[in-house]
Amino acid sequence: MKAALSGHETTGEEAGDNRRQIDVVALGIVTAAILLFVATGSEVAPSVVDSLLEQGPGPDNFILNAFLLNIAIIIFGWSRYRQLCEEIQLRKVAEKQARQLAETDPLTGFFNRRSFNEGVDRLIESASASGKAVALMMIDLDNFKQVNDFNGHSTGDMLLRECARRISMTLPKDAMLGRIGGDEFAAAFVFDTSRSDALNQTASALVKAIGESTEINAISIEVTASIGLSRSDVPGIDGKRPDAHAMLEMADIAMYHAKRQGRNDFFWFEGLMADEMRFRTELENGIRQGIPRGEFVPYYEQQIDVQTGELTGFEMLARWDSPQFGIVSPEIFIPVAEDIGAIGDLSESVIRQALEDAKAWDSRLTLAVNISPMQLRDPWFSQKLLRLLVEANFPPHRLEIEITESCLHQNVAQARSLITSLKNQGIKISLDDFGTGYSSLAQLRSLPFDRIKIDRSFVTSMIENKDNAAIVHAIAMLGKGLELPVTAEGIETGEVLEHLMQYGAIKGQGYFYGRPRPASEVTKWLAELGSTSGKPPFMVQDPLPVPGKPETVDSEVMKAVETVEAPKRASNA
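Residues numbered from 1 in each chain as written. Predicted model: local features only at pLDDT ≥ 70, side-chain atom pairs only at ≥ 80, totals over all residues. Heavy atoms only, no water.

1. Re the packing of aromatic side chains
The cut-off we apply is this: Two rings from Phe, Tyr or Trp (for Trp, the six-membered ring) form a pair when their centres are within 6.5 Å of each other. A pair whose planes differ by under 30 degrees is stacked, one over 60 is edge-to-face, and the rest are tilted. Numbering goes from the N terminus for both helices and strands, where a helix is a DSSP run of H or I of at least four residues and a strand is a run of E of at least two. Throughout, exposure labels follow a simple rule: accessible area from a 1.4 Å probe, protein chains only, divided by the maximum for the residue type, with under 20% read as buried, over 50% as exposed, and the rest as partly exposed. The rule is short: NZ of Lys or CZ of Arg within 6 Å of the ring centre and within 35 degrees of the ring normal puts a charge over the ring.
Taken as a whole and assessed by the stated rule, the structure comprises eleven aromatic pairs. Aromatic pair Tyr 300 and Trp 361: ring centres 5.1 Å apart, planes at 85°, arrangement edge-to-face. Within this pair, whereas Tyr 300 is found in strand β8 (residues 296-305), its partner Trp 361 is found in the loop between α10 (343-359) and β11 (366-370), the two being separated by 61 residues in sequence. For Trp 361, a relative accessible area of 6% gives the class buried. Their ring planes at 80° and their centres at 6.4 Å tell us that Phe 314 and Trp 525 sit as a pair that is edge-to-face. Here Phe 314 is found in strand β9 (residues 311-322), whereas its partner Trp 525 is found in helix α18 (residues 519-529), with 211 residues between them in sequence. When sorted by exposure, Phe 314 lands in the same class as Trp 525, which is buried. In this arrangement the basic side chain of Arg 231 is found over the ring face of Trp 268, its NZ or CZ atom lying 5.9 Å from the centre. Sitting over the ring of Tyr 511, Arg 515 keeps its end group 4.0 Å from the ring centre.

This is the structure:
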């Protein structure tokens with residue numbers, strides 16, 4: 001710990017005074033006994049000597065008894081005096097330990113929130129008196145919960161101690177350090193207002209120091225830090241001079257702003273951030289209250305066979321029908337729900353509604369559902385999904401779970417276990433947003449996917465952008481080579497559709513076929529098309545003429561596939 005708190009512990013003078021009062025009493029008793037011993041001894045000793053020399057009578061019995069009693073009192077008093085000294089020392093040690101437990105974090109040795117706040121208030125007063133200011137940092141470890149879940153709490157504790165050591169080594173020696181929460185640290189130190197640029201250098205150095213990989217139990221662990229900063233010479237949210245509580249609130253707002261901007265960075269508090277934070281708080285409260293109220297509802301986007309124009313199913317897209325904000329897009333509320341840990345309950349709610357809706361559709365229509373990376377890390381997700389299927393009496397083979405490609409590199413083993421578990425229940429698995437993540441061909445082939453989906457960012461602009469057109473072409477050919485069906489997202493024009501038809505049997509979805517609709521509109525539309533009457537497959541549009549025969553698989557793509565498959569064939573041989 002770099003800085004000690006004054007005022008929370010008994011001062012040396014007070015402790016000394018307490019000890020001296022006890023010593024005077026004990027020493028007074030012993031001293032009185034010694035004086036009485038001398039007095040009685042001067043009377044007893046001559047009589048005893050005369051008695052031994054047979055020159056006189058022995059000492060008076062009363063005086064002799066008093067003399068012996070004095071000896072006992074001296075022995076008892078001295079023993080008690082030593083016991084009192086030992087008790088005082090033990091009590092002082094116990095009080096020191098109790099103060100330390102009350103004021104500090106036992107894992108890191110940093111101050112806890114209460115003592116840190118009190119220390120910062122004193123630091124602000126002393127800095128203001130000397131014409132200086134106080135800088136306060138809120139430091140939050142990114143993805144720490146994931147490290148804890150995957151590697152255990154003991155590894156998490158060692159990581160916290162290592163981060164605390166790096167914080168202590170990077171910040172000024174007189175910095176006051178605190179552990180505010182599970183993975184949140186705070187630091188405060190005095191700085192010269194004429195040298196404010198040095199604070200940016202310190203914050204940047206701290207982000208770099210925490211971001212360096214850490215090896216714990218032969219495992220390389222990487223975490224980053226999001227840091228928010230505030231200063232005592234800048235008015236607080238209420239426009240007044242900030243105290244410790246206000247500075248912590250300002251730094252906390254700036255820290256969350258750093259997280260929203262991509263993490264692994266630092267930001268100074270600005271007034272607009274408070275407005276953002278208030279809106280964020282309203283969103284969080286609205287999400288928590290909206291889930292049990294049923295405000296999150298499924299919308300459905302058509303999935304079409306691009307060759308025949310036949311409707312094959314729908315992808316379920318969550319929407320928030322908020323009484324305060326209206327219809328809210330998932331791009332806004334899903335990241336917030338993930339951050340506050342509500343994504344699991346939210347997803348289960350809309351999946352349950354979607355299964356009930358899709359149960360009334362034609363049995364040939366499928367339902368595709370996208371899951372969050374947070375759910376992918378839930379070891380019980382497949383069991384929860386199976387329970388929903390049983391409750392809705394929905395056939396598993398009609399359900400298709402979409403897993404975003406960027407989720408795979410986080411924990412391939414857990415993803416493989418989840419995918420296998422879902423497929424064993426008869427559920428189909430799609431790799432969503434293919435081309436935007438980090439999956440390799442070997443990874444794609446080793447995981448038992450049933451379909452790959454081309455991300456809309458490539459499809460939408462493929463006519464104007466040759467690079468995107470090349471990527472779409474490569475993915476379509478890769479699907480042919482690996483015998484994986486392909487779905488193209490983001491079809492918005494007939495020109496894009498005509499271009500995609502050259503790749504043969506491929507599904508498509510996008511605004512060209514219509515925007516996502518709520519369940520009531522979908523049910524009415526399906527009834528109009530006759531899809532619930534058991535008639536042959538129905539068309540949502542006339543098939544467009546095929547511009548040419550589907551091209552063969554590119555030789556370069558085939559070489560890539562061959563690179564993946566050759567080792568398997570060799571091992572089988």
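What follows continues from the structure just given.
2. As for the sheet that holds strand β2 (residues 176-179)
What counts is decided by this rule: In this description, strands pair whenever DSSP reports at least two bridges between them. The angle between two axes is taken between their N-to-C directions and runs from 0 to 180 degrees, where each axis is a line fitted to C-alpha atoms and a helix contributes only its stretch in contact. Contact criterion: two residues are considered in contact whenever any of their non-hydrogen atoms come within 4.5 Å of each other.
Judged by pairing direction, the sheet is mixed, and its five strands sit side by side in the order β2-β3-β1-β6-β7 without closing on themselves. The open sheet has two edge strands with one neighbour each: β2 and β7 (266-268). The mean inter-strand angle of the sheet, taken between neighbouring strand axes irrespective of direction, is 20°. Of the pairings in the sheet, the one linking strand β6 (residues 224-231) to β7 comprises three bridges and is parallel in character. In the sheet register, Ile 227 faces β7, and the bridge partner there is Phe 266. Along the sheet, helix α7 (residues 244-260) contacts β1 (133-142), β3 (184-191), β6 and β7; its crossing angle with β6, the most-contacted strand, is approximately 140°.

3. Looking at the confidence of the model for the protein
Basically, it comes down to this: What pLDDT expresses is the predictor's confidence in each residue, scored from 0 to 100.
Per-residue confidence for the protein gives a mean pLDDT of 81, with 82% of residues at or over 70. Confidence drops under a pLDDT of 50 for residues 3-21, and excluding neighbours within four residues, the segment shows 23 contacts in the predicted structure. Between residues 531-536, whose pLDDT stays under 50, and residues either more than four places distant or in other chains, the model counts eleven contacts.

4. Some details on the packing of α10 against helix α12 (residues 381-392)
Put simply, the rule is: Here a crossing is taken to be left-handed if its near helix is turned anticlockwise relative to the far helix by less than a right angle, and right-handed if that turn runs clockwise. Asp, Glu, Lys and Arg are counted as charged, while Ala, Val, Leu, Ile, Met, Phe, Trp, Tyr, Cys and Pro are counted as nonpolar; the rest, among them Gly, fall into the polar class.
Running from amino to carboxyl end, α10 crosses α12 at an angle of 35°, the nearest separation of the two axes being 10 Å. Both α10 and α12 take part in a crossing whose hand is right-handed. Two secondary-structure elements touch here, α10 through Glu 348, Ile 351, Arg 352, Leu 355, Glu 356 and Lys 359 and α12 through Lys 384, Leu 385, Arg 387, Leu 388, Leu 389, Glu 391 and Ala 392. In the contact of α10 with α12, the residues fall into six nonpolar, no polar and seven charged.

5. Topic: the nonpolar core
What counts is decided by this rule: To define a nonpolar core, start from buried Ala, Val, Leu, Ile, Met, Phe, Trp, Tyr and Cys residues and group those joined through side-chain atoms within 4.5 Å.
Counting residues in hydrophobic clusters, the biggest one holds 78 residues, and the most contacted among them are Ile 287, Leu 367, Leu 399 and Ile 401. Those residues in contact with Ile 401 that sit more than four places away from it in its chain are Val 369, Ile 371, Leu 385, Leu 422, Ile 427, Lys 428, Ile 429 and Ser 430. Residues Phe 110, Ala 164, Phe 191 and Ile 216 belong to the second largest nonpolar core, which totals 33 residues.

6. Things to note about the pairing of strand β13 (residues 428-434)
The buried fraction of β13 is high, at six of seven residues. Looking at chain direction, strand β12 (residues 399-404) and β13 are connected through five bridges and run parallel. Note on β13: the bridge partner recorded for Ile 403 is Leu 431. Two strands pair when backbone bridges link them, and β13 and strand β14 (residues 451-454) are joined in this way by three bridges, in the parallel orientation. Each residue of the ladder has a partner; that of Phe 434, found in β14, is Ile 454.

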